[in-house]
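Read off the chains here:
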Amino acid sequence: MFEEIFFNDINIIIKTIVIGILSYLSLIVLLRISGKRTLSKMNAFDLIVTVAIGSILATIIMSKDVTIAQGIAALSTLIIMQFVMTKISYHNQFFSRLIKSNPTLLFYEGEYLYDAMKRERILEVEIMQAVRAQGIHSLKNVQVVILETDGSFSVISNDKTIDTDENELFNHVQH
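Trainee: Explain the sheet that holds strand β3 (residues 142–147) to me, please; I cannot follow it from the model alone.
Mentor: Strand pairing within a sheet occurs via backbone hydrogen bonds; the two strands may be parallel or antiparallel. An order of β2-β1-β3-β4 is seen for the 4 strands of this open sheet, with the pairing classed as antiparallel. Looking at which strands have only one partner, the edges of the open sheet turn out to be β2 (111–112) and β4 (153–157). Relative to β2, strand β1 (residues 104–108) runs antiparallel, the two being bridged by 2 bridges. The residue of β2 that forms the bridge with Phe107 is Tyr112.

Trainee: Would you explain helix α4 (residues 68–91) in this entry?
Mentor: Three or four residues apart is the spacing at which side chains of an α-helix point the same way, because the helix has 3.6 residues per turn. Taking 1.5 Å of rise per residue, 24 residues should cover 34 Å, and α4 covers 35 Å from first to last C-alpha, within 8% of that figure. Taken together, the buried positions of α4 are Gly71, Leu75, Ser76, Ile79, Gln82, Thr86 and Ser89.

Trainee: Help me understand the pairing of β4 in this model?
Mentor: Successive side chains on a regular strand alternate, one facing one side of the sheet and the next facing the other. As paired strands, β3 and β4 are joined by 5 bridges and run antiparallel to one another. Within β4, the position partnered with Val145 by the bridge is Val155. Connecting the antiparallel pair β3 and β4 is a turn made up of 5 residues, with Gly151 showing a positive phi of about 90°.

Trainee: Help me understand the nonpolar core in this model?
Mentor: For soluble globular proteins, nonpolar side chains are generally found buried alongside one another. Ranked by internal contacts, the top residues of the largest apolar core, which has 15 residues, are Leu106, Ile127, Val131, Val142, Val145 and Val155. When contributions to this core are tallied by element, the ones reaching two or more residues are β1, α6 (114–120), α7 (124–133) and β3. One finds Ile19, Ile53, Ile56 and Ile79 within the second-largest nonpolar core, a separate group that totals 14 residues.

Trainee: How do you make sense of α7 when you look at a structure like this?
Mentor: Three or more residues of α7 are buried, namely Ile127, Ala130 and Val131. All buried residues of α7 project into a common sector of 100° when viewed along the axis, lining one side. Relative to its buried face, α7 has exposed residues pointing more than 90 degrees away, namely Val125, Gln129 and Ala133. Buried residues along α7 sit in contact with β1, β2, α6, β3 and β4. Looking at the residues trailing α7, positive phi occurs at Gly135, about 80°.

Rules and cut-offs
Residues numbered from 1 in each chain as written. Predicted model: local features only at pLDDT ≥ 70, side-chain atom pairs only at ≥ 80, totals over all residues. Heavy atoms only, no water. Pairing = 2+ DSSP bridges. Helix = DSSP H or I, 4+ residues; strand = E, 2+ residues; numbered from the N terminus. Expected span 1.5 Å × (residues − 1). Buried < 20%, exposed > 50% of the residue type's maximum accessible area, 1.4 Å probe, protein only. Core = buried A, V, L, I, M, F, W, Y, C linked by side-chain atoms within 4.5 Å. Arc of directions from axis to C-beta. Contact = heavy atoms within 4.5 Å.

Written out as structure tokens, the structure reads:
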């Protein structure tokens, strides 16, 4: 029994290595063809695609019931669907709003926006952490904090010069 836990057949090990290499190379080719957006950290939809790609790759490598052709077909299908969905959302605002979130304004000129914070389940301490991460020592030096679509925080301090019109900058931000 001890041998079966660590090693039972050299052919299975060789098969795993060969399938792993072929799957990995296939994934690289598919990702290069599909573009940077496929693995971007843009929103929940993109995160789902990224996690699913990892799951499929693991299944291809580890499952004896999945052939390399099936795995590549699954990866291709997922990547093509992600490409199609982002293409449609680029051209259709309604569809885009269905699958993507908007940035949310959480702090504005010295005021926490508690309704937005509650809706996004963000605590004051998380905003303070984002501010400190930018090297800003006081909220007095912060103009806005925005929760971006990928879950990250953007902090804009009072001393930074903004080259664009303020209305344009915050046009797509939920209040």
